[in-house]
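Given next are the chains, with one letter for each unit.
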Amino acid sequence: MPLAPPEFWQDIHPAGTFDPVPADGFRDLYPSALPDGRQVALPIRILPGGKQAVASLIVNQASFVVEDSLAEAMADLARPFDADIIIGIPTLGLPLANGVARRLGHRRMVPLGTSRKFWYRDELSEPLSSITSPDHAKRVFLDPRLLPLLENRRVIVVDDVISSGASMTAVLRLLGRIGIKPVAAVFAMTQGERWRDALADLDRTLPTLVFSAIASPIFAVTPEGLWRPELSVQDI
């Protein structure tokens, strides 16, 4: 069933509400499944060039019930790692990190930032980009005042989506500067598989530390103008 734009990300649908493998391909909606089988309806966004597309998740446009359901599933994935602190990645990873930390019984989480304060230091920053804003130059910062909360601690990184892996590798390089390797990285959604190579280039063990509440493929256009998951991910 078609959804109007404001209806995406607003409900958690029962398992089987949407066909997960339509014979002709997807048109404008991809149903991604939570671990319990319930579905989140995601809009398909056509990438520049018109030959590929992604299923989009924008957490700050989602209803609270969707955000809470994602955070609950993410907390379940994070719980076995017994982390001392949750690190939230800006911007859309921050509300999820908050929700995960609360569900794990933590008093707080540690947010990274992209808005530079005058007391920030260049050596605690990295350039940052993403699949949806590849040309938008910005940096991710760690507030030096928060260093004592991270040193010699078991940390989990939380973000909304991992796709190309560019944002996450920037965060991991930043953490590596202070001698920290997360015990896990937990996302609301993995988008395709391209991120695996990006993380493995940094450390071959990193892809095994990635977990997500939902997943979506990269899509290729069909001759009929519909969308099918790609069998092999091309550079985007």
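Rules of the game
- Residues numbered from 1 in each chain as written.
- Predicted model: local features only at pLDDT ≥ 70, side-chain atom pairs only at ≥ 80, totals over all residues.
- Heavy atoms only, no water.
- Core = buried A, V, L, I, M, F, W, Y, C linked by side-chain atoms within 4.5 Å.
- Buried < 20%, exposed > 50% of the residue type's maximum accessible area, 1.4 Å probe, protein only.
- Helix = DSSP H or I, 4+ residues; strand = E, 2+ residues; numbered from the N terminus.
- Contact = heavy atoms within 4.5 Å.
- Phe/Tyr/Trp six-rings, centres within 6.5 Å; stacked < 30°, edge-to-face > 60°.
- Pairing = 2+ DSSP bridges.
- Axes fitted to C-alpha atoms, helices over the stretch in contact; angles between N-to-C directions.
- Parallel < 35°, antiparallel > 145°, perpendicular 65-115°, else oblique.
- Left-handed = near helix turned anticlockwise from the far one by under 90°.
- 1 Å grid on protein atoms, 1.4 Å probe; cavity = no way out; pocket = protein on both sides within 12 Å on 5 of 7 lines; lining within 4 Å.
- Points joined across faces, edges and corners; volume = space filled by probe spheres on them.
- Nonpolar A, V, L, I, M, F, W, Y, C, P; charged D, E, K, R; others polar.
- Expected span 1.5 Å × (residues − 1).
- Lys, Arg positive; Asp, Glu negative; His and termini not counted.
- Salt bridge = Lys/Arg side-chain N within 4 Å of Asp/Glu carboxyl O.
- Polar contact = N/O pair within 3.5 Å; in protein donor to acceptor, adjacent residues only side chain to side chain.

Concerning the nonpolar core
Working step 1: In this structure, Leu57, Leu70, Ile156 and Val158 are the most contacted members of the largest nonpolar core, which totals 43 residues.
Working step 2: For this core, the elements supplying multiple residues, two or more each, are strand S2 (29–33), strand S3 (39–46), strand S4 (52–55), helix H1 (64–78), helix H2 (93–103), strand S9 (155–162), strand S10 (184–191) and strand S11 (210–216).
Working step 3: For this core, the element with the most residues is H1, which contributes 6 residues.
Working step 4: Those residues in contact with Val158, other than ones at most four positions away along the chain, are Met74, Ile86, Ile87, Gly88, Ile89, Gly93, Leu96, Ala97, Val100 and Val186.
Working step 5: Ile89, Val110, Phe187 and Leu199 belong to the second-largest nonpolar core, a separate cluster that totals 29 residues.

Some remarks on the environment of Glu230
Working step 1: Relative to the helices and strands, Glu230 is located in the segment after strand S13 (227–229).
Working step 2: The exposure class assigned to Glu230 is buried, which follows from its relative accessible area of 15%.
Working step 3: Residues Glu230 and Ala53, spaced 177 residues apart in sequence, show a C-alpha to C-alpha distance of 9.9 Å.
Working step 4: Once residues within four sequence positions are removed from consideration, Glu230 is found in contact with Gln52, Ile218, Phe219 and Ala220.

Regarding H2
Working step 1: Regarding H2, the residues found buried are Gly93, Leu96, Ala97, Gly99, Val100 and Ala101.
Working step 2: Buried residues belonging to H2 abut H1, strand S5 (85–88), S9 and S10.
Working step 3: Gly105 sits one or two positions beyond H2 and adopts a positive phi of about 85 degrees.

Side note on the packing of aromatic side chains
Working step 1: According to the stated counting rule, one finds 7 aromatic pairs in the structure shown.
Working step 2: Here the aromatic rings of Phe81 and Phe211 are separated by 5.3 Å at their centres, their planes lie at 55 degrees, and the arrangement is tilted. One end of the pair, Phe81, is in the loop between H1 and S5; the other, Phe211, is in strand S11, and 130 residues separate them in sequence.
Working step 3: Among the residues examined, Phe211 registers a relative accessible area of 26% and is labelled partly exposed.
Working step 4: Members of the aromatic cluster, each reached through a chain of ring pairs, are Phe118, Trp119, Tyr120 and Phe141.

Brief notes about the sheet that holds strand S6 (residues 110–111)
Working step 1: Overall, parallel pairing links the 5 strands, which are arranged S6-S5-S9-S10-S11 in an open sheet. If you trace the sheet from one side to the other, it starts and ends with S6 and S11, each paired once.
Working step 2: As paired strands, S10 and S11 are joined by 6 bridges and run parallel to one another. When the bridges of S11 are listed, Phe187 appears paired with Ser212.
Working step 3: Contacts from H1 reach S9, S10 and S11 within the one sheet, and its direction differs from that of S11 by about 145 degrees.
Working step 4: The strands touched by helix H4 (residues 166–176) are S5, S9 and S10; relative to S9, the strand with the most contacts, the crossing angle is about 160 degrees.

Examining the packing of H4 against helix H5 (residues 194–202)
Working step 1: Interhelical geometry of H4 versus H5 gives an angle of 20 degrees and a closest axis separation of 9 Å. Taken together, the axes of H4 and H5 lie roughly parallel to each other. Relative to H5, H4 is oriented so that their crossing is right-handed. Here H4 contributes Met168, Thr169, Leu172 and Arg173 to the contact with H5, which in turn contributes Ala198, Leu199 and Leu202.

Some details on empty space enclosed by the protein
Summary: where empty space remains is shown by rolling a probe the size of a single water molecule over the atoms.
Working step 1: Inspection of the entire model under this criterion finds 1 cavity of 30 Å³ or more.
Working step 2: In this structure, the largest cavity encloses a volume near 60 Å³.
Working step 3: Around the largest cavity, the lining residues are Met168, Leu172, Pro182, Ala184, Ala185, Leu199, Leu206, Leu209 and Val210.
Working step 4: Looking at the lining of the largest cavity, the elements that each hand over two or more residues are H4 and S10.
Working step 5: For the lining of the largest cavity, the class distribution of residues is 9 nonpolar, no polar and no charged.

Side note on H1
Working step 1: Taking 1.5 Å per residue, 15 residues should reach 21 Å; H1 reaches 20 Å between its end C-alpha atoms and fits that length.
Working step 2: Every buried residue of H1 is listed here: Val66, Glu67, Ser69, Leu70, Ala71, Ala73, Met74, Ala75 and Ala78.
Working step 3: Against the buried residues of H1 lie strand S1 (12–13), S3, H2, S9, S10 and S11.

Examining the side chain of Glu230
Working step 1: No salt bridge is formed by the buried Glu230. Its closest oppositely charged neighbour is Arg194, at 9.7 Å.
Working step 2: One polar contact links Glu230 to Gln52, side chain to side chain, over a distance of 2.7 Å.

Take it as geometry only, folks, not as evidence of what the structure does.
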